[in-house]
Amino acid sequence: MELEGKIAVVTGAGSGIGRASSLQMAKNGAKVVAVDFNKETGEETLKLIEEQGGEGIFVQADVSKSKDVEHFVNAAVDTFGRIDVFFNNAGVIQKFSLLGDVEEAEFDRLVSVNIKGVFLGLKHVLKVMEQQGSGSIINTASTAGIRSEHSASVYSATKHAVVGLTKSAAMEYIKKGIRVNAICPGGVQTSLTKSVEEQFTSGGYVPEEVANMRIGRYAQPEELAEMVSFLASDRASYVVGSVVVVDGGLTI
Ligand code: ADP
């Protein structure tokens, strides 16, 4: 198994891509530290891992809080001794509106989870991996991180920031044996896209690309998890600082 013996920390493990990736990596041999601020869904993910014969722990944490991030990093090291894989995934989506109508509080919320949360995770996990001299980090960006997204300007800005952090971290840490990459999902069938669909049906702007998704459907979270598990593994040994688009042709 390609992740046999590896310790994988996953944020946003309670649902969607985070849950599917936790299950996939556990299936491939990793022990998983499932992190989410939602205790119920996070513990459910751990239960699902154990049901398929895997091993792990759940840690409740808000990725936008420094103390919480230190807490889950320490919990991983105290329990398993190391961190080989970090899927830096927790994120929130914007309430769709034109830029001029975005509330300041909404801007702060998106920046604190999507940028500060990703930064804090990188900061603390890189320290651990630097001592080990090895590790693989995957950040969740978005197709909105490589082009504009109508009515989601601030979300798009935060995901561009994730791409920036990914490239900088990759450049600074590759000589220390740490690979940092990002994935860019397009439309994924999760609770998050359900709320997007609700916004559409309640009269919001429907981007043409979503209405005409090239492959004709949203991705299942498992289709993203395949890429996460690959990037996590030594099979991706030459993939460094890449921003990997997995979008069913959305951005063709
Ligand atoms: P997707 O899988 O498409 O990224 P989801 O909404 O299904 O979207 O998953 C996002 C996960 O991230 C949820 O489980 C949510 O509870 C978690 N999450 C969101 N914000 C935070 C946060 N600040 N700290 C920890 N987990 C968070």
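That block above? That's the structure.
It should be emphasised that the depicted structure is a prediction, and the values quoted were computed from it without experimental measurement.

Some thoughts on the sheet that holds strand 1 (residues 7–11)
Adjacent strands of a sheet pair through backbone hydrogen bonds, lying either parallel or antiparallel. One open sheet accounts for seven strands, arranged 3-2-1-4-5-6-7; its pairing is parallel. Looking at the sheet topology across the chains shown, the edges are occupied by strand 3 (56–60) and strand 7 (243–246). Neighbouring strand axes in the sheet, compared pairwise and without regard to direction, differ in orientation by 15° on average. Pairing of strand 1 with strand 4 (residues 85–88) involves three bridges; the strand directions are parallel. Counterpart to Ala8 in the pairing with strand 4 is Val85. Across the sheet, helix 8 (residues 221–232) is in contact with strand 4, strand 5 (135–140), strand 6 (178–185) and strand 7; its angle to strand 6 comes to roughly 170°.

With respect to the site of the ligand
In the vicinity of the ligand lie 17 residues, with Ser15, Ile17, Asp36, Asp62 and Val63 positioned nearest. In this structure, Ile17 approaches the ligand through a main-chain N or O atom, which is 2.8 Å from an oxygen atom. One of the side-chain nitrogen or oxygen atoms of Asp36 is found 2.6 Å away from an oxygen atom of the ligand. Contact with the protein chains covers 90% of the free accessible surface of the ligand, which is 580 Å². Of all the elements in the fold, those that place two or more residues in the shell around the ligand are helix 1 (16–27) and helix 6 (191–201). By residue class, the composition of the shell around the ligand is eight nonpolar, seven polar and two charged.

Calculation notes
- Residues numbered from 1 in each chain as written.
- Predicted model: local features only at pLDDT ≥ 70, side-chain atom pairs only at ≥ 80, totals over all residues.
- Heavy atoms only, no water.
- Pairing = 2+ DSSP bridges.
- Helix = DSSP H or I, 4+ residues; strand = E, 2+ residues; numbered from the N terminus.
- Axes fitted to C-alpha atoms, helices over the stretch in contact; angles between N-to-C directions.
- Contact = heavy atoms within 4.5 Å.
- Near = heavy atom within 4 Å.
- Polar contact = N/O pair within 3.5 Å; in protein donor to acceptor, adjacent residues only side chain to side chain.
- Areas by Shrake-Rupley, 256 points an atom, 1.4 Å probe, with all protein chains shown as cover.
- Nonpolar A, V, L, I, M, F, W, Y, C, P; charged D, E, K, R; others polar.

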